[in-house]
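Notes for the structure review
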Amino acid sequence: MEKSSIGLIGLAVMGQNIARNISRNHKISVYNRTASVTEDFLKEYESNMLVGETDLKAFVDSVASPRKIAIMVKAGKPVDMVIEGLLPLLDKGDTILDFGNSNYHDVIRREKELADKGFNFFGCGVSGGEEGALNGPSMMPGGNKAVWEDLRPIFESICAEDFDGGKCVTYLGENGAGLYVKMVHNGIEYGVMQMMAEAYETLTHAYGLNPGEIADIFEKYQTGKLQSYLFEISIPILRKKDESGKDFLLDKILDKAGQKGTGRWTALDSLDQGVALSVITEAVFARTVSSMKDKREVFSKLYDKPKPNFETPLEDFIVELEDALYAGMLVSYAQGFLLLKSAAEDKGWDFDYAEISRIWEGGCIIRAKILSTLHTAFGKNPQADLLEIPEIAKDLSDSLPNFRKVVGECMSNGMPLFCLSSALTSFEAMTNARGSANFIQGQRDFFGAHTFLRTDKEGVWHADWHEGGAITKVK
Ligand SMILES: NC(=O)c1ccc[n+]([C@@H]2O[C@H](COP(=O)([O-])OP(=O)(O)OC[C@H]3O[C@@H](n4cnc5c(N)ncnc54)[C@H](OP(=O)(O)O)[C@@H]3O)[C@@H](O)[C@H]2O)c1
């Protein structure tokens, strides 16, 4: 029997869909720890392009050499357990692919451990959820470049297409580069979702709109610069009625958001890298605060909130909010790309930011018109920071008056704006040539003799801050 081009371990929702996607063009063998899952899957999707095995050795033997075996199981320890079980059955030169949301530190470790033993390890971020896995995800691969050309035909046959019909996959680099980019992608997803939630909350509480009315506004946004998958799915979410057919389902969903950890990883990494990733970090905090439902219930009874009194007529506010969301998203992307740049320098990756924007144009959760803007911007200015690219600066400057107005009006009316306000603050600070850190330096020098630099003289200085005290050049 002809052997399969690739094998896949893990047949939960993502594995099943990616296996079905691959089987359209390549023969694939599948295996799942719980055998009945494999049997049920084969019964449902019987095809001569799908080979199912319930014995791990038979599964490995059914894949053509040098083997490519993808793992799509729960991230963390389970991936290491699967690798441990696989290695004795593989030959040197075989490649293990990790399609799950593994932490990039684990990917770097696995790449090294497997290379030392003569195997290749490829960590490939796959975004797009269940639907993307079946019909075309955005794929972010990283690993040994020598095997990339061998993997490429399979990846290009299953991934989504960008706005120009190109493939939403590109080789990103060695040592966890793929999963790093996927992690930042997920962080950006957190920020965008939170800004949209803030828009929803403002329209609900300040203007008293019901979800159906907000859906009409989001539908309008979907025809403009905010056009995106996340706005697209929000329209049916907002319009969905409960079982009675009368009430909106959204009004009955508990306001506690879950998280699997990739936003937190991105925020933690930004602290390690020394990059001010405030929007994504605030989005993680917003989910944390959302989970503190009991405390919020108690505290809400202790403090009076102003009754929202927005002076701006709704018709105008809708236009202003569109600008605020657009500007907030641009700032969040600017921060995300700063993190990618810092990591590239730190880890020796040679990221192509136009390519990263391009592969996010299709298939993934953050796919949006804005990515085409970023793709074009980085295409002309490959190594620039987003905020210094003229087209981005113009878009931001045009949106800025409304961005400031929306944040100001929301804050003065007691609306919590984790991400929109932090995006604006970040923008204001990053475009401030003279900030307030001279004051901090004065305090640090007073209590800890931490010294300071001066704008009028060379050298390192320390002052005796009491009246008449000396100001001394220490270096
Ligand atoms: N769901 C999404 O939208 C999405 C999107 C992008 C990426 N991802 C990532 O894709 C991966 C798969 O996600 P998923 O939602 O399809 O599945 P999942 O719920 O994360 O994991 C379930 C799968 O892992 C297997 N598994 C768990 N522990 C195992 C172990 N110790 N040894 C062997 N197999 C083990 C399970 O096998 P049994 O059937 O035997 O329990 C099952 O096949 C994850 O890393 C996830 O983070 C998910």
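Attention in this report is confined to the structure presented alongside it. On a predicted model such as this, the values are computed, not experimentally measured, just so you know.

Parameters at a glance
Here the residue numbering is sequential within each chain, running from 1 through the sequence in written order. Note on the predicted model: pLDDT of at least 70 is required for a residue's local features to be given, and 80 or more for side-chain atom pairs to be given and counted; whole-chain, interface and lining totals, by contrast, use all residues. Side-chain numbers here rest on the full set of heavy atoms in the structure, without hydrogens or water. Comment: elements are numbered from the N terminus, with helices defined as DSSP H or I runs of at least four residues and strands as E runs of at least two. The classification of residues rests on relative accessible area computed with a 1.4 Å probe and restricted to protein chains. Under 20% of the type maximum is buried, over 50% is exposed, and intermediate values are partly exposed. We define proximity as follows: a residue is near a molecule or strand when any one of its heavy atoms falls within 4 Å of that partner. Any pair of N or O atoms that falls within 3.5 Å is considered a polar contact. Within protein, one atom must be able to donate a hydrogen and the other to accept it, and sequence-neighbouring residues count only if both atoms are side-chain atoms. Note on areas: Shrake-Rupley, 1.4 Å probe, and residue coverage restricted to the protein chains presented here. Following DSSP output, two strands are said to pair if at least two bridges run between them. Between N-to-C directions, angles cover 0 to 180 degrees, with each direction set by a line fitted to C-alpha atoms, over the stretch in contact for helices. Throughout, a contact is declared for two residues whenever any of their heavy atoms are within 4.5 Å. Only protein atoms enter the 1 Å grid, on which a cavity is a set of points fitting a 1.4 Å probe that cannot get out and a pocket is an open set with protein on both sides within 12 Å along at least 5 of 7 lines, lining residues being those with an atom within 4 Å of a point. Grid points are joined across faces, edges and corners, and a volume is the space filled by probe spheres set on the points. When residues are grouped by polarity, Ala, Val, Leu, Ile, Met, Phe, Trp, Tyr, Cys and Pro land in nonpolar, Asp, Glu, Lys and Arg in charged, and all others, Gly among them, in polar.

1. Side note on unusual backbone geometry
In this chain, serine 65 is followed by proline 66 through a cis amide linkage whose omega measures -10°. The phi angle at asparagine 175 is positive, at roughly 55°, despite the residue not being glycine. Locating asparagine 175 in the fold gives a position in the loop between helix H7 (145-158) and helix H8 (177-205). Using a relative accessible area of 35% as the deciding quantity, one classes asparagine 175 as partly exposed. Positive phi outside glycine occurs at alanine 449, with the angle close to 50°. By the element assignment, alanine 449 lies in the loop between helix H19 (437-448) and strand S8 (452-453).

2. Here we look at the site of the ligand
In the neighbourhood of the ligand, 20 residues make up the surrounding shell, with Met14, Asn32, Arg33, Thr34 and Asn101 lying closest. One of the side-chain N or O atoms of arginine 33 is found 2.9 Å from an oxygen atom in the ligand. Contact distances for the ligand include 2.9 Å between an oxygen atom and a backbone N or O atom of asparagine 101. For the ligand, the protein covers 79% of the area, taking 890 Å² as the surface of the free molecule.

3. A short note on the sheet that holds S8
Reading across from one edge, S8-S9-S10 is the order of the three strands in this open sheet, with antiparallel pairing throughout. Of all the strands in the sheet, just S8 and strand S10 (471-473) have a single pairing partner and so form its edges. In this structure, strand S9 (residues 460-463) lies alongside S10, joined through three bridges in antiparallel fashion. Bridged to histidine 462 within S10 is threonine 472.

4. Some remarks on the sheet that holds strand S3 (residues 50-52)
Taking strand neighbours across the sheet as the criterion, the seven strands line up as S3-S2-S1-S4-S5-S6-S7 in an open arrangement whose pairing is mixed. At either end of the open sheet lies a strand with only one pairing partner, and these are S3 and strand S7 (138-143). Averaged over all pairs of adjacent strands, the angle between strand axes in this sheet comes to 25°, irrespective of strand direction. Direction of pairing for strand S6 (residues 120-127) relative to S7: antiparallel, over a ladder of six bridges. Bridge pairing in S7 places glycine 125 opposite methionine 140. Across the face of the sheet, helix H2 (residues 35-44) comes into contact with strand S2 (28-31) and S3 while running at roughly 150° to S3. Helix H4 (residues 77-86) rests against strand S1 (6-9), strand S4 (68-71), strand S5 (95-98) and S6 of the sheet, and its axis sits at about 155° to S4.

5. With respect to empty space enclosed by the protein
Enumeration according to the criterion identifies one cavity of 30 Å³ or more in this entry. In this structure, the largest cavity encloses a volume near 90 Å³. Around the largest cavity, the lining residues are Val192, Lys225, Leu226, Gln227, Ser228, Leu230, Tyr326, Met329, Tyr333, Ile366, Ala368 and Ile370. Of all the elements, helix H14 (residues 314-347) adds the most residues to the lining of the largest cavity, at three residues. For the lining of the largest cavity, the class distribution of residues is nine nonpolar, two polar and one charged.

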